[in-house]
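Now for the letters of each chain:
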Amino acid sequence: MDSSNTNGRGIPAAEFYEFKELSLEEAEKQLTRFQEFIAKYRFMETSIVRRVAGLDEKLPEIEKTLQTVTFLEAEQDENLDVLYELDDTLYANAQVTASNTVCLWLGANVMLEYPVAEAKTLLTSKLEAAKETLKTCKEDLEFLRAQITTMEVNTARVYNHTVELKRRQK
Amino acid sequence: MSTPETQSIDLTKLSIEQLSELVKQLNSEIDYLATSSAQLSQALTKFTECISCVKNVVKDENNGKEILVPLTASLYVPGRFKLKDNKVLVDIGTGYFVEKTAEEAAVYYEGKCEYLRKSIGGLEGAIDAKNAQVRAVQQITQEKFMKERKTAAK
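Residues numbered from 1 in each chain as written. Chains lettered and ligands numbered in written order. Predicted model: local features only at pLDDT ≥ 70, side-chain atom pairs only at ≥ 80, totals over all residues. Heavy atoms only, no water.

- The name given to chain B in an unreviewed UniProt entry is Prefoldin subunit 5, with the source organism recorded as Schizosaccharomyces japonicus.
- Its UniProt record gives chain B the following Sequence similarities (unreviewed entry) comment, quoted word for word: "Belongs to the prefoldin subunit alpha family." (UniProt positions renumbered as here; feature names shortened; annotations may be inferred.)

- In the nomenclature of an unreviewed UniProt entry, chain A is known as Prefoldin subunit 3 of Schizosaccharomyces japonicus.
- A UniProt comment under Function (unreviewed entry) is attached to chain A, and it reads "Binds specifically to cytosolic chaperonin (c-CPN) and transfers target proteins to it. Binds to nascent polypeptide chain and promotes folding in an environment in which there are many competing pathways for nonnative proteins."
- Within the UniProt record for chain A, the comment given under Subunit (unreviewed entry) is "Heterohexamer of two PFD-alpha type and four PFD-beta type subunits."

Structure follows, in structure tokens:
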């Protein structure tokens, strides 16, 4: 088992509970403690799963935008004929005027105009950050699943011990 | 429409647990139909929007007007509206796109809206029928419950 007490993002590691003999009250106490831990781990797992889903959606979007900006950079001095989305299933023609600036929608009703090169740098850094976050989230998820398993093993062992105790008492 | 299965079983022959199971099943079916109905209404709103888009935007007088052209969901470029032979491109599903004039596109979207309105109407009818079934089952459950209390009290 890892000697580190938390993983990179401050998630506490689950200790493997060793015991030789356990009284019934002590066992019950430990079982409640384990259940609490498991609940907390599961909660963290759900929130991370949600984050991963959001990132999975945004990542291809950023890649597409970056590709388009690179293309625009190459065709900077030409007027392009394009088909753009007017509505969900409706597309219309337009002519893009040659320009060295693009407008990026940053969310929260904010749109900024950037020179093409700066837009490309911004998008590349956003893409890298998103990929990095995705990687750490997936690592966290792995770690959490291991901790949940450890806790469940603890619960099973303590529970079996209580069964043994009750059997002996009869 | 074929008679729903529940009515070919005599409701009075079922036990109270079976009746409550039936109510649960009917309620989950109602939820599903309600969600589908909501989704269809959403689609209906979108298509109605498309109709007004086509009617207001695709006009000769808008030709050459300055617009911000969306190239992706977060990338916009300055440009001019260009009307090529009064044509727009309509996504008719399964990866097929058709070039239509503004009038043809409006007719197409009208047809879609009509179809959606009919489907929503059908769904609402089905929901009403299921609600009636739920009420009938609940009534029978009440009657059985009262009967059992009477026999237990004796």
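Still more to cover.
1. Re the packing of aromatic side chains
In this description, a pair of aromatic rings is defined by centroid distance and the angle of the planes.
Residue and element names in this part refer to chain A.
Here comes step 1: Counting across every chain of the model gives 6 aromatic pairs over all chains.
Here comes step 2: Look at Tyr17 and Phe34: their rings are 5.6 Å apart centre to centre, the planes differ by 70°, and that puts the pair in the edge-to-face class. You can see Tyr17 sitting in the segment before α1 (24–74) and its partner Phe34 sitting in helix α1, a full 17 residues away along the chain.
Here comes step 3: Judged by relative accessible area, which is 18%, Tyr17 ranks as buried. (Phe/Tyr/Trp six-rings, centres within 6.5 Å; stacked < 30°, edge-to-face > 60°. Helix = DSSP H or I, 4+ residues; strand = E, 2+ residues; numbered from the N terminus. Buried < 20%, exposed > 50% of the residue type's maximum accessible area, 1.4 Å probe, protein only.)

2. Points about the pattern of salt bridges
Residue and element names in this part refer to chain A.
Here comes step 1: All told, the structure shown has 14 salt bridges over all chains when counted by the stated rule.
Here comes step 2: A salt bridge links Glu152 to Arg42; the nearest nitrogen and oxygen atoms lie 2.8 Å apart. Taken together, the residues Glu152 in helix α2 (residues 116–169) and Arg42 in helix α1 connect sequence positions 110 residues apart.
Here comes step 3: Salt-bridge contacts for Glu73 lead to Lys120; the nearest nitrogen and oxygen are separated by 3.1 Å. Here Glu73, found in helix α1, pairs with Lys120, found in helix α2; they are 47 residues apart in sequence, far enough to count as distant.
Here comes step 4: Look at Glu73 and you get partly exposed, because its relative accessible area is 29%.
Here comes step 5: Residues participating in the shared-partner salt-bridge network are Glu21, Glu164, Arg167 and Arg168. (Salt bridge = Lys/Arg side-chain N within 4 Å of Asp/Glu carboxyl O.)

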